[in-house]
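Notes for the structure review
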Protein chains: 2
Amino acid sequence: MSVTLAHGAGGEKTLELLTKLILSKVPETLKRTPEGSGIDVLDDGACVKIGDKYLIVTMDSYTVNPIFFPGGDLGKLAASGTINDLVAMGARPIAMLDSLIVEEGTEIEIIDKITSSFIDIVVRENIPLIGGDLKVMPRGQLDKIVITVTGLGIAKRPIIDRDLRPGDKIVITGNIAEHGATIMALQQGLDAERYGLHSDCRPLLRPLLDIVEKYVNHIHAMRDPTRGGLAQTLNEWARDTGTLILIYEDRIPIRFEVRKFCEMVGVDPLYLACEGVMTIAVDSETAPVLVEELQSAGMENATIIGEVRESEKFRGTVVCRTVSGGLRIVEPLRGSLVPRIC
Amino acid sequence: MSVTLAHGAGGEKTLELLTKLILSKVPETLKRTPEGSGIDVLDDGACVKIGDKYLIVTMDSYTVNPIFFPGGDLGKLAASGTINDLVAMGARPIAMLDSLIVEEGTEIEIIDKITSSFIDIVVRENIPLIGGDLKVMPRGQLDKIVITVTGLGIAKRPIIDRDLRPGDKIVITGNIAEHGATIMALQQGLDAERYGLHSDCRPLLRPLLDIVEKYVNHIHAMRDPTRGGLAQTLNEWARDTGTLILIYEDRIPIRFEVRKFCEMVGVDPLYLACEGVMTIAVDSETAPVLVEELQSAGMENATIIGEVRESEKFRGTVVCRTVSGGLRIVEPLRGSLVPRIC
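Procedures and definitions
- Residues numbered from 1 in each chain as written.
- Chains lettered and ligands numbered in written order.
- Predicted model: local features only at pLDDT ≥ 70, side-chain atom pairs only at ≥ 80, totals over all residues.
- Heavy atoms only, no water.
- Helix = DSSP H or I, 4+ residues; strand = E, 2+ residues; numbered from the N terminus.
- Expected span 1.5 Å × (residues − 1).
- Buried < 20%, exposed > 50% of the residue type's maximum accessible area, 1.4 Å probe, protein only.
- Pairing = 2+ DSSP bridges.
- Contact = heavy atoms within 4.5 Å.
- Buried area = accessible area lost by both parts, 1.4 Å probe.
- Salt bridge = Lys/Arg side-chain N within 4 Å of Asp/Glu carboxyl O.
- Domains from an automatic or database assignment.
- Polar contact = N/O pair within 3.5 Å; in protein donor to acceptor, adjacent residues only side chain to side chain.
- Least-squares fit on C-alpha atoms with pLDDT ≥ 70 in both.
- Phe/Tyr/Trp six-rings, centres within 6.5 Å; stacked < 30°, edge-to-face > 60°.
- Right-handed = clockwise from strand over helix to strand, strands pointing away.
- Axes fitted to C-alpha atoms, helices over the stretch in contact; angles between N-to-C directions.

Some thoughts on helix H3 (residues 108-124) of chain A
Residues and elements named next belong to chain A. Taking 1.5 Å per residue as the helical rise, H3 with its 17 residues ought to reach 24 Å, and the 24 Å between its terminal C-alpha atoms agrees with that figure. Taken as a whole, H3 has its buried residues at Ile108, Ile111, Asp112, Ile114, Thr115, Ser117, Phe118, Ile119, Ile121 and Val122. One or two residues past the end of H3 sits Asn126, with phi positive at roughly 65°.

Here it is as structure tokens:
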């Protein structure tokens, strides 16, 4: 058996391989720190209690191809993705570290643009960059550059997604599938900009975190739906909490150009990565207030797209009420839609 | 200008590229957290004050080639290297995260062996593994697998190497150049084991950290001399503190087989990576006691190899008194000896 692209797509196959390689080998007591959370819950980040503080730690490798795309580049994506993972845990970033692996022969000017984008975001968000590494692999042993980033943050109250519960509303902060559609188009040799596509990749720190902190006692889960898109995020939530998540197709905000592109290539936008929106599970009384605040703060497409229900029959399942009024099951991601999406 | 292997060798060229790509772009105030240390001092890890605790964070990418070698493999190296970086900061590991990037088509069995080695070390040292990532790159875009590891530790008193001062003795805990010689032989197509070579890669947590904590107020600098070997570590110390470091060639412990191999291929063992020894700068009264304790604890080759001096003429320089009684300057690493050494 060998590694396939599906193993890297962030869906069922990824979990299967992770389980074989890592999860099955680590004793339960070593999957988290005392009073913390870690690979026992597989959230956006781990939580480590230090004194009376909750330190959130997140670590991701960024391999996106192409490394420059409309709306951003590898550096912007790596910084934004890390910040968004911290925010998704309810944490305010306090420091970042980055490790670059570069291919011998790559133009330094190219790498320089990538690190400038990375640092632009980090500096603009006022986050100290405190460490990292730089390695070079000989020509032909790596495609140009990959970046791995560690993010540290402090959460007043960490948002651990297993808190999601029946009765919660599902809120999305903006249009979905923007990043995934853009990278997919580029990998198919299409001029993404001509199709009106551009990545939504951006840090969701301001103004989102202020609002989240205000309602943190009412927010039960939060995640940036990257690999595997909204479908994968909701499936993981449903699976991990044994709930049914019902979403309404006509409420999911998708930009016209993205929808058109998805129809053209025959792909479901629910599975395409977002890099600039957040999915939030929040109690039903707070949901409309939260949406209103998000909209006032500039996230004008923020909206309630569904709800969490108890269900014996559809335990762990995501169901979508289609525009025509039918119901369809939104399966977890099984194959690989786009390699090197993030 | 394009990236060369020398940019990844850990010497002057690495610092030059890091400065261009990262260090020159980050404002001084964002190179560390308040009351902490970071890329302002470029130590083995960064220090972040959280409440009344010193959190040490280290992050490194491991790209060693071949991924299996006498004495270890990529997984063991990645776990050991991270633990050793924490120990070098005077920190007790509290958690680790790992991010794997794997090439499509790689045998899962191979990756599985690597992650088993990694987890063996982590579990044996009782360190929680709390997060990470898994990405796949298409066939031909990466050579098999690279691992990036983040280590978190708590230090009672962080050992920041800029504390090194004239009067200090330089102690090494064991034989040098073992890992570097082994990987170099393998990359030259030689049967390393036939030459009696094997990597010294191992975690230096027990019993070293207990001893270090006992003498921490007398220890001013500590580093595991990996890329660029002992020569590079000492040169960085001398450069960063404006001191002269004098070492005695006949006191540096090198195993016969390693010395013979180095003579055969014409390479200076001072520049070859160690993955299982520590260099320690300690005040002169404590040095003999420290060495004795290290020896009693099983590090039988631990010894004083030199000292730190004030010098106008040789500020920032490492000088070696040769066996024949002459003096030679030990230059910082300029080129690249062995790619993908760690």
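Brief notes about unusual backbone geometry
Following A:Arg206, the chain continues to A:Pro207 via a peptide bond in cis, the omega torsion being 0°. Tracing the chain through its elements places A:Pro207 in the loop between helix H4 (178-187) and helix H5 (208-214). Residue B:Pro66 is bonded to the preceding B:Asn65 through a cis peptide linkage, with omega at 5°. Along the chain, the position of B:Pro66 falls in the loop between strand S2 (53-62) and strand S3 (68-69). Phi at A:Glu35 is positive, roughly 65°, even though this residue is not glycine. For A:Leu42, which is not a glycine, the phi torsion comes out positive at approximately 50°. Inspection of the secondary structure assignment puts A:Leu42 in the loop between helix H1 (12-23) and strand S1 (46-50). What makes A:Leu42 partly exposed here is its relative accessible area of 31%.

A short note on the pairing of S1(A)
Side-chain positions along a regular strand alternate between the two faces of the sheet. All names here are of chain A. Most of S1 is tucked away: four of the five residues are buried. Pairing geometry for S1 and strand S2 (residues 53-62), over five bridges, is antiparallel. Residue pairing across strands places Lys49 opposite Tyr54, the latter belonging to S2. Between the antiparallel neighbours S1 and S2 lie two residues, among them Gly51 with a positive phi of about 60°.

Comments concerning the interface of chain B and chain A
Contact residues are listed per partner, giving 80 residues for chain B and 80 residues for chain A. Roughly 6,900 Å² of surface becomes buried between chain B and chain A when both sides are summed, with 72% attributable to carbon and sulfur atoms. At the boundary of chain B with chain A, the tally comes to six salt bridges. Where B:Asp133 meets A:Arg227, a salt bridge forms, and the shortest distance between an N and an O atom there is 3.0 Å.

A word on the domain arrangement of chain A
Residue and element names in this part refer to chain A. Segmenting chain A into domains produces domain 1 (32-155) and domain 2 (169-329). Look at where the C-alpha atoms of domain 1 and domain 2 centre, and you get two points 23 Å apart. Contact residues are listed per partner, giving 26 residues for domain 1 and 26 residues for domain 2. Summed over both sides, the interface of domain 1 with domain 2 buries roughly 2,200 Å², with 58% coming from carbon and sulfur. The largest contributions to the domain 1 side of the interface with domain 2 come from Pro70, Asn84 and Arg92, which together make up 27% of the buried area. At the junction of domain 1 and domain 2, the tally comes to five salt bridges. Salt-bridge contacts for Arg92 lead to Asp210; the nearest nitrogen and oxygen are separated by 3.1 Å. The tally of links from domain 1 across to domain 2 stands at ten residue pairs in polar contact (both at pLDDT 80 or more).

Points about the side chain of A:Asp143
On the secondary structure map, A:Asp143 appears in the loop between strand S6 (129-137) and strand S7 (145-155). Under the relative-accessibility criterion, A:Asp143 is labelled buried at 17%. Side chain to side chain, A:Asp143 and A:Lys144 meet in a polar contact 3.3 Å long. In contact with A:Asp143, not counting residues within four places along its chain, are A:Asn65, A:Glu103, A:Arg340, B:Met137 and B:Gln141.

A closer look at the relation of the copies chain B and chain A
Laying chain B over chain A is done by rotating through 180° and shifting 0.0 Å along the axis; what remains is an RMSD of 0.0 Å. With respect to symmetry, the two chain copies, as superposed, fit the operation of a two-fold axis. Ranked by how close their C-alpha atoms come to the rotation axis, the residues of chain B are headed by B:Leu142, at 2.1 Å. Interface overlap between copies: 100% of the residues of chain B at the interface are likewise at the interface in chain A, consistent with a symmetric, same-surface contact.

Overview of the packing of aromatic side chains
Residues and elements named next belong to chain A. Applying the stated rule across the entire model yields two aromatic pairs over all chains. With a centroid separation of 6.4 Å and an interplanar angle of 70°, the aromatic rings of Tyr195 and Phe261 are classed as edge-to-face. One end of the pair, Tyr195, is in the loop between H4 and H5; the other, Phe261, is in helix H7 (residues 256-265), with 66 residues separating them in the sequence.

Notes on the pairing of strand S5 (residues 91-103) of chain B
Residue and element names in this part refer to chain B. Extensive coverage of S5 is indicated by the burial of eleven of its 13 residues. Examined bridge by bridge, S5 and strand S7 (residues 145-155) share eleven bridges and lie antiparallel to one another. Bridging across to S7, Ala91 finds its partner in Ala155. Of the strand pairs in this sheet, S5 and strand S6 (residues 129-137) are connected by eight bridges, and their pairing is parallel. What sits directly across from Leu100, in S6, is Leu134. This β-α-β element, S5 to helix H3 (residues 108-124) to S6, shows right-handed connectivity.

Quick word on the side chain of B:Arg227
Here B:Arg227 lies in the loop between strand S9 (219-223) and helix H6 (229-241). For B:Arg227, a relative accessible area of 16% translates into the label buried. A distance of 3.0 Å separates polar atoms of two side chains, one belonging to B:Arg227 and the other to A:Asp133. Residue contacts for B:Arg227: discarding those within four places in its chain leaves A:Asp133, A:Leu134, A:Lys135, B:Gly8, B:Ala9, B:Gly10, B:Gln232, B:Ala273, B:Ile341 and B:Cys342.

Focus on the sheet that holds strand S13 (residues 317-321) of chain A
Residue and element names in this part refer to chain A. Ordered by their spatial adjacency, seven strands build an open sheet running S9-S11-S8-S12-S10-S13-S14, and the pairing between neighbours is mixed. With one partner strand each, in any of the chains shown, strand S9 (219-223) and strand S14 (327-329) form the two edges of the open sheet. Here the strands of the sheet are splayed against their neighbours by 25° on average, with no regard to which way each runs. When strand S10 (residues 244-248) meets S13, the two strands line up parallel, connected through five bridges. Across the sheet, the residue bridging to Ile245 is Val318, located in S13.

A short note on the environment of A:Ala9
All names here are of chain A. Mapped onto the secondary structure, Ala9 falls in the segment before H1. C-alpha of Ala9 to C-alpha of Asn175: the two residues are 166 residues apart in sequence and 21 Å apart in space. Not counting residues within four places of it along the chain, the set of residues in contact with Ala9 comprises Thr14, Arg227, Gly228, Leu333, Gly335 and Ser336.

Some details on the sheet that holds strand S14 (residues 327-329) of chain B
All names here are of chain B. Taken in spatial order, the seven strands line up as S9-S11-S8-S12-S10-S13-S14 in an open sheet, and their pairing is mixed. Looking at the sheet topology across the chains shown, the edges are occupied by S9 and S14. Strand after strand, the sheet turns through a mean of 25° between neighbouring axes, direction not considered. Two elements, strand S8 (residues 169-172) and strand S12 (residues 303-309), share four bridges in a ladder whose sense is antiparallel. Across the sheet, the residue bridging to Val171 is Ile304, located in S12. In the packing of helix H8 (residues 286-296) onto the sheet, contacts are made with S8, strand S11 (279-282) and S12, and the angle to S11 comes to roughly 145°.

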